[in-house]
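Breakdown of the fold
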Amino acid sequence: MNDQTPKTPTPEISQKLEQLRLTVQRASYAYYVLDAPTMEDGVYDRLYRELQELETQYPELISPDSPTQRVGEKPATQFESVRHNISLYSLENAFNMAELQAWDEKWRRFLGNWAAEDNNYICELKIDGSAIALTYHDGILVRGATRGDGVTGEDITQNIKTIRSIPLKLHLDNPPPVVEVRGEAFLYNRIFAEINQERQKNGEPLFANPRNAAAGTLRQLDSRIVAARHLDFFAYTLHLDSPNLHDHWDCLELLPKMGFKVNPNRQLCQSLLEVQQYFNTWETQRRELPYMTDGVVVKLNSLSLQKQLGETRKFPRWAIALKYPAEELPTKIISVTFQVGRTGALTPVAELEPIQLAGTTVKRATLHNQDRLTELDLHIGDTVIVRKAGEIIPEVVRVLPDLRPTGAKLVTMPTHCPECGETVVKTPPEAVTRCINSSCPAIVRGSIIHWCGRRALDINGIGEKLVQQLVETQLVRSVADLYHLNMDQLVALERQGQKSAQKILEAIAASKKQPWHRVLYGLGIRYVGEVNAELLAQNFPSCQSLAAASSAQIEGVYGIGAEIATSVYQWFQNPANISLCDRLEQSGLQLASVPSTALKSTPQAQPFAGKTFVLTGTLPTLTREEAKSIIEKAGGKVTNSVTQKVDYLLLGDKPGSKLAKAQNLGIAELSELELLEMAK
Ligand code: IVH
């Protein structure tokens, strides 16, 4: 089964593979398009794996529409620009019923017939995503492209293939030579919020709305990142010459039969009054949907009317977007607080007089950074317009300066960190102000929460409250301290029972088995997300090899850019970080992809061979045991008594009588930092 050498397929193998592929495709369609799973996850995974294994053995049988071909193995370097076969038009907007009425009169006038034949309208929700164009040749998806300027877009086929609800092969027995399908790729609200939380944690600018986030995701060079964001797709246009297609409704009925997902909330309306009712109903109902909508699209149903009306340079004359009003309201700024994230980034947050916006109570809004504060010229007590961008993260759009109370105080970023009191820094052109004190409680708390996260070391049971206590009591000053916690310490904390403490200790112990790429992700190095951590871990199989790499060597990894490489390189130049890695390794974490036994068997440098050490005082980051283990690993010996045979005194804070003795004998003194440098 594990034989990876390509073999020549027999007809039975080809048939088996085809059956397997069909079964997996059907199950995937039922799950992703119909939302009605027909197979247990475990069974699906088994069959998928079997298909993958067969295809590895018989690579010539891999077809581009195989379910295994959705995620590319290598990131793209850039996207090619492609000309659309049929232009992608945008939509004219109407902001009220009068404008809708005006559009209706306009198209009737264009036809030269005021009392045009009875016409139906199709109303659809306007999904807040990114338009994409799909091209199928003989039923197989050959190209997926962004809208671009409507005439030329970018070829993002590899990314589009990751969207499970887009069929790689049309469900048609005799597919026409060319079919074009257009629709909206979008992100679910939950994922949009997660992406922004992650960006906030990493000190990166937030996406203003799901549309930008979806467009940004589609243009990611690495299709694995795209796959991880679970984009979805609603088809809304079908370009196919067929005598059976008379109106748009027919197209919307045929698309699901071809394997596409069409938004179910569409409606055929016979008058503008019905359109208005649809619009009103969805104004509130849309809040229940798990994705964003920003209006309603009204389309003429008859394809022949559509054809007669045609398009202007930008818009079809036969459709219009009826937009919901922006969710913006005025309120007052009570105060501004500053949150410190894991990377030390300070985010100003407006504390507001509570208002009801888009169905929720808004009390706080992000002010992003100093540049934004300057732009707004924000003062305490100001009346501001607050918007729920993409209806999720409220933000301050602008200030109404006429309503400013006299003597109001201008809001600026603090000069000192609100958490630790250290001076903060802002290095232009970066817009972000940062606390750079690595012992700042906010940074420590953030780094521990990140370390324990599901995608990092996956330590269950350590929530924000517990982290707060662990940091406050100084039991934990870095993630390495987690591995020295004991039962007594945990139970002594507020609201911590014996049982839950036991579970936490078990979860901490279990995390030692997590692979090297997760540890690397958990370290929280800037720009090293899950995918980059995996790429780096594949290319640098141990922490040692990554720490020893130059910036250029790191950038040499396919998919790693200059900014990431510099960030990783700089992180490993900080001795405190090296010491952190050493401590983690000593605690038994996996800082290499190869089993530690294999590592041990490779000969290692022994810089302390034949040298004897004595320890005195408290070291800044290492425990005595850890220091001892570092020395011994590097070939040295540790003794307790100061004699002439001793080569070095490892000197910590508040040393004992050993210091005077060592000085009398002229024994060299070493700090923890020097020890770590030498041990490298
Ligand atoms: S029809 C020629 N239908 O809205 C037809 N567009 O503001 C043009 N959109 O670029 C598109 N939901 O990305 C259509 N149900 C829907 C839509 C929709 C969202 C987007 C689409 C378009 C943009 C125009």
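The model shown is predicted, which means the values in this text are computed figures rather than measured ones. (Residues numbered from 1 in each chain as written. Predicted model: local features only at pLDDT ≥ 70, side-chain atom pairs only at ≥ 80, totals over all residues. Heavy atoms only, no water.)

This next bit is on the sheet that holds strand β10 (residues 293-300). A sheet is described by the order of its strands in space; here five strands give the open sequence β2-β11-β10-β3-β9, paired in mixed fashion. If you trace the sheet from one side to the other, it starts and ends with β2 (93-94) and β9 (267-269), each paired once. With five bridges connecting them, β10 and strand β11 (residues 319-323) associate as antiparallel partners. Paired with V297 across the two strands is A321, which belongs to β11. Strand contacts of helix α3 (residues 97-110): β2, β3 (121-127), β10 and β11, with the helix running at about 175° to β11, the strand carrying the most contacts. This element, helix α9 (residues 272-285), spans β3, β9, β10 and β11 of the sheet and lies at about 25° to β3. (Pairing = 2+ DSSP bridges. Helix = DSSP H or I, 4+ residues; strand = E, 2+ residues; numbered from the N terminus. Contact = heavy atoms within 4.5 Å. Axes fitted to C-alpha atoms, helices over the stretch in contact; angles between N-to-C directions.)

Looking now at the packing of aromatic side chains. Within the structure shown, the criterion is met by 17 aromatic pairs. Seen in terms of ring centroids, W103 and Y121 are 6.4 Å apart; in terms of plane orientation they differ by 50°. Their pairing is tilted. Pair noted here: W103 is in helix α3 and Y121 is in strand β3, with a separation of 18 residues, a long-range link. Note on accessibility: W103 and Y121 belong to one class, buried. Grouped by ring-pair contacts, the aromatic residues F186, Y188, F234 and Y291 constitute a single cluster. The side chain of R266 reaches across the aromatic face of W249, ending 5.4 Å from its centre. (Phe/Tyr/Trp six-rings, centres within 6.5 Å; stacked < 30°, edge-to-face > 60°. Buried < 20%, exposed > 50% of the residue type's maximum accessible area, 1.4 Å probe, protein only. Lys NZ or Arg CZ within 6 Å of the ring centre and 35° of its normal.)

This next bit is on the environment of T621. For T621, the location among the structural elements is in the loop between β19 (612-616) and α23 (624-633). The partly exposed category is assigned to T621, whose relative accessible area is 34%. Sequence-wise, T621 and L673 are 52 residues apart; in three dimensions their C-alpha atoms are separated by 9.5 Å. Ignoring sequence-local partners within four residues, the contact set of T621 consists of S579, R583, E626 and E672.

This part takes up the confidence of the model for the protein. Averaged over every residue, the pLDDT of the protein is 89; residues scoring 70 or more account for 94%. Confidence over residues 596-603 falls short of pLDDT 50; this stretch has three contacts with residues more than four positions distant or in other chains. (pLDDT = per-residue confidence, 0-100.)

We now examine the pattern of salt bridges. Applying the stated criterion across every chain, the model contains 29 salt bridges. Across the salt bridge formed by D104 and R108, the nearest N and O atoms sit 2.9 Å from each other. With a gap of four residues between them, D104 and R108 both fall in helix α3, about one helical turn apart. Of the two residues, D104 and R108, neither departs from the other in class, the shared state being buried. Where R445 meets E419, a salt bridge forms, and the shortest distance between an N and an O atom there is 3.0 Å. Taken as a pair, R445 in helix α12 (residues 441-452) and E419 in the loop between β16 (393-399) and β17 (424-425) lie far apart in primary sequence, 26 residues in all. The class for R445 is buried, based on a relative accessible area of 19%. (Salt bridge = Lys/Arg side-chain N within 4 Å of Asp/Glu carboxyl O.)

One ladder, built from four bridges, connects β19 with strand β21 (residues 648-651); its direction is parallel. Its bridge partner being in β21, F613 is matched across the sheet by Y648. In the sheet, β21 pairs with strand β22 (residues 668-670) via three bridges, with the strands oriented parallel. Considered in β22, the bridge of Y648 is made with A668. Considered for its hand, the β-α-β crossover made up of β21, helix α24 (residues 658-665) and β22 is right-handed. (Right-handed = clockwise from strand over helix to strand, strands pointing away.)

Position of L221 among the secondary structure elements: in the loop between α6 (210-218) and α7 (223-228). On the accessibility criterion, L221 (34% relative accessible area) is partly exposed. Sequence separation between L221 and F79 is 142 residues, and the spatial gap between their C-alpha atoms is 7.9 Å.

The parallel open sheet is built from four strands, whose spatial order is β20-β19-β21-β22. Whereas interior strands pair on both sides, the edge strands pair on one side only; in this sheet they are β20 (637-639) and β22. Averaged over all pairs of adjacent strands, the angle between strand axes in this sheet comes to 35°, irrespective of strand direction. As paired elements, β19 and β20 share three bridges and run parallel to each other. Bridging across to β20, F613 finds its partner in V638. On top of the sheet, α23 reaches β19, β20 and β21; it is set at about 165° to β19, its chief contact. Against the sheet, α24 touches β19, β21 and β22, its axis set at about 145° to β21.

What surrounds the ligand is a group of 13 residues, the closest being E124, K126, I127, E184 and K299. Between the ligand and K126 there is a distance of 3.0 Å, counted from an oxygen atom to a side-chain nitrogen or oxygen. Relative to its unbound accessible surface of 520 Å², the ligand loses 87% to contact with the protein. Mapped by element, the contributors of at least two residues to the shell around the ligand are β3 and β10. Counting residues per element, the shell around the ligand draws most heavily on β3, which supplies four residues. Broken down by class, the residue content of the shell around the ligand amounts to eight nonpolar, one polar and four charged. (Near = heavy atom within 4 Å. Polar contact = N/O pair within 3.5 Å; in protein donor to acceptor, adjacent residues only side chain to side chain. Areas by Shrake-Rupley, 256 points an atom, 1.4 Å probe, with all protein chains shown as cover. Nonpolar A, V, L, I, M, F, W, Y, C, P; charged D, E, K, R; others polar.)

A few words on the packing of helix α21 (residues 575-586) against α23. With their axes 10 Å apart at the nearest point, α21 and α23 run at an angle of 90° to one another. By the angle class used here, α21 and α23 are roughly perpendicular. Contact residues: α21 offers D582, R583, E585 and Q586, while α23 offers E626, S629, I630 and K633. (Parallel < 35°, antiparallel > 145°, perpendicular 65-115°, else oblique.)

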